[in-house]
Amino acid sequence: VYVGTDDGVIQVTEDAGGSWTKVSAFPGVPEYTYVSDILASKFDENVVYATFDNHKRDDFKPYVLKSTDKGRSWVSIAANLPENGTVHSIQQDHVNPDLLFVGTEFGIHYSSDGGQVWTQLKSGIPTIAVKDIAIQERENDLVLATFGRGFYIMDDYTPLRSFTKEMADSSAFIFDIKDALMYVQRSRGGYGSGSNVYIANNPEFGATITYYIKESPKTLKQERQKMEKELVKDKKPIPIPTLEELRTEENEVKPHLIFTITDENGNLVRKLTEGVGTGINRLNWDLRYPNTRPVNLRGGKYNPTSTGGSGMLVLPGTYYVSIAQY
């Protein structure tokens with residue numbers, strides 16, 4: 001058992017509190033720095049992690065340390081964490097010992113290599129202090145408690161376990177897909193309870209497809225704007241686009257992704273379209289065939305990501321998905 005104090009001291013006991021040993025000498029951490037969190041490894045009894053918060057002395061550096069000898073010696077694993085992001089909390093995955101999460105003053109970061117490289121999780125998370133982190137092990141959900149913005153949940157973070165440098169170097173990749181459950185959806189109300197009942201949104205019904213895109217192609221307009229920025233930087237005149245060029249930009253079909261879903265016999269079941277976004281993204285298939293109604297062209301302009309909606313449910317079985325970029 002490890003206990004931290006607000007004056008930078010960590011005490012450890014190996015006999016259920018019968019005797020305690022003081023742990024100190026944290027490299028790079030100023031003396032009397034508040035111990036914001038301690039985490040004993042879920043895999044190795046000799047490994048322990050600690051984070052420190054020294055913001056009261058106008059020191060906002062991230063202090064994240066690791067010990068492999070029950071606290072006798074420590075090394076920093078703060079690596080590339082933002083220099084002005086005080087660390088409040090730390091958590092370890094229950095399957096991959098090298099997958100770590102830290103809550104900072106300005107959001108949540110994760111590392112898949114034991115703290116050598118950290119990456120910020122941004123989508124849907126405000127730049128707010130993450131004070132505590134918990135993992136719902138059955139569903140592999142990451143739960144964050146923030147300062148002043150409530151709770152945030154990342155459903156099924158398992159793709160982070162297997163994301164490697166080789167995957168990051170590939171142009172596109174689809175992660176393993178969790179089995180999708182088919183059931184009758186029913187909304188539960190809280191009539192007559194006033195404000196006492198609060199029900200958060202559940203994960204989307206159907207199959208969640210998690211995929212990675214390395215780079216998004218630029219449209220004609222984006223290429224022109226990029227060129228104009230470079231000319232401004234070099235203090236050169238910017239050419240005025242012609243009316244024909246502007247019309248071509250306006251009528252250009254934006255780059256998009258097409259996800260093709262087939263059954264075990266290779267028969268086409270559904271095509272889903274999505275805009276191209278770099279990094280790890282998610283798309284949900286509602287386990288339905290396409291609608292038989294034609295696509296509604298709003299405003300008379302073709303939109304590649306617009307579909308005619310969903311039709312009837314598919315039968316339970318095994319389905320396959322592939323991805324293509326247009």
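Caption draft 1: Structural view of the sheet that holds strand E12 (residues 130–136). Taken together, the 3 strands give an open sheet; going across it, the order is E12-E13-E14, and neighbouring strands pair in antiparallel fashion. The open sheet is flanked by E12 and strand E14 (151–154), the only strands paired with a single partner. Taking each pair of neighbouring strands and ignoring which way they run, the sheet shows an average axis angle of 20°. The pairing of E12 with strand E13 (residues 141–146) spans 6 bridges and is antiparallel. Following the sheet pairing, Ile-133 is matched in E13 by Leu-144.

Caption draft 2: The arrangement of the packing of helix H3 (residues 220–233) against helix H4 (residues 243–251) in detail. With their axes 8 Å apart at the nearest point, H3 and H4 run at an angle of 130° to one another. Taken together, the axes of H3 and H4 are oblique relative to one another. Note on element contacts: H4 touches H3 through Leu-246, Thr-248 and Glu-249, opposite Leu-220, Lys-221 and Arg-224. A class-by-class count of the residues in the contact of H3 with H4 yields 2 nonpolar, 1 polar and 3 charged.

Caption draft 3: Examining the nonpolar core more closely. Membership of the largest hydrophobic core comes to 16 residues, with the highest contact counts inside it found for Phe-101, Ile-108, Tyr-110, Ile-133, Leu-142, Tyr-157 and Leu-160. When residues in this core are grouped by element, the largest group, 3 residues, is from E12. If you look at the next biggest cluster of nonpolar residues, it comprises 15 residues, including Ile-261, Val-276, Leu-283 and Val-314.

Caption draft 4: Spotlight on the pairing of strand E9 (residues 100–104). By the criterion of burial, E9 is predominantly enclosed, with 5 of the 5 residues buried. Alternating positions in E9 separate into two faces, Leu-100, Val-102 and Thr-104 on one and Phe-101 and Gly-103 on the other, with burial throughout. In terms of strand pairing, strand E8 (residues 87–92) meets E9 through 5 bridges, oriented antiparallel. By the bridge assignment for E9, Ser-89 is matched with Gly-103.

Caption draft 5: Just the confidence of the model for the protein chain, in detail. Averaged over all residues, the pLDDT of the protein chain equals 88, while 92% of them reach at least 70. The lowest-confidence element of the protein chain is strand E3 (residues 21–23), averaging 79 in pLDDT; the highest-confidence one is E9, averaging 97.

Caption draft 6: Highlighting the sheet that holds strand E7 (residues 75–76). Reading across the sheet, the 4 strands line up as E4-E5-E6-E7 and stay open at both edges, with antiparallel pairing between neighbours. Among the strands making up the open sheet, the edge pair consists of strand E4 (34–40) and E7. Here strand E6 (residues 63–67) runs beside E7; their pairing, made up of 2 bridges, is antiparallel. Among the inter-strand pairings, Lys-66 is bridged to a residue of E7, identified as Val-75.

Caption draft 7: The arrangement of the packing of aromatic side chains in detail. The full count for this structure, using the stated rule, is 9 aromatic pairs. Arranged with centres 5.3 Å apart and planes meeting at 70°, the rings of Phe-26 and Trp-74 form a pair that is edge-to-face. With a gap of 48 residues between them, Phe-26 in the loop between E3 and E4 and Trp-74 in the loop between E6 and E7 connect regions that are remote in the sequence. Given a relative accessible area of 7%, Trp-74 falls into the buried group. An aromatic cluster is built from Phe-163, Phe-173, Phe-175 and Tyr-212, whose rings are joined through pairwise contacts. When the ring centre of Phe-147 is taken as origin, the NZ or CZ atom of Lys-131, which lies over that ring, is 5.9 Å away.

What counts and how
Residues numbered from 1 in each chain as written. Predicted model: local features only at pLDDT ≥ 70, side-chain atom pairs only at ≥ 80, totals over all residues. Heavy atoms only, no water. Pairing = 2+ DSSP bridges. Helix = DSSP H or I, 4+ residues; strand = E, 2+ residues; numbered from the N terminus. Axes fitted to C-alpha atoms, helices over the stretch in contact; angles between N-to-C directions. Parallel < 35°, antiparallel > 145°, perpendicular 65-115°, else oblique. Contact = heavy atoms within 4.5 Å. Nonpolar A, V, L, I, M, F, W, Y, C, P; charged D, E, K, R; others polar. Core = buried A, V, L, I, M, F, W, Y, C linked by side-chain atoms within 4.5 Å. Buried < 20%, exposed > 50% of the residue type's maximum accessible area, 1.4 Å probe, protein only. pLDDT = per-residue confidence, 0-100. Phe/Tyr/Trp six-rings, centres within 6.5 Å; stacked < 30°, edge-to-face > 60°. Lys NZ or Arg CZ within 6 Å of the ring centre and 35° of its normal.

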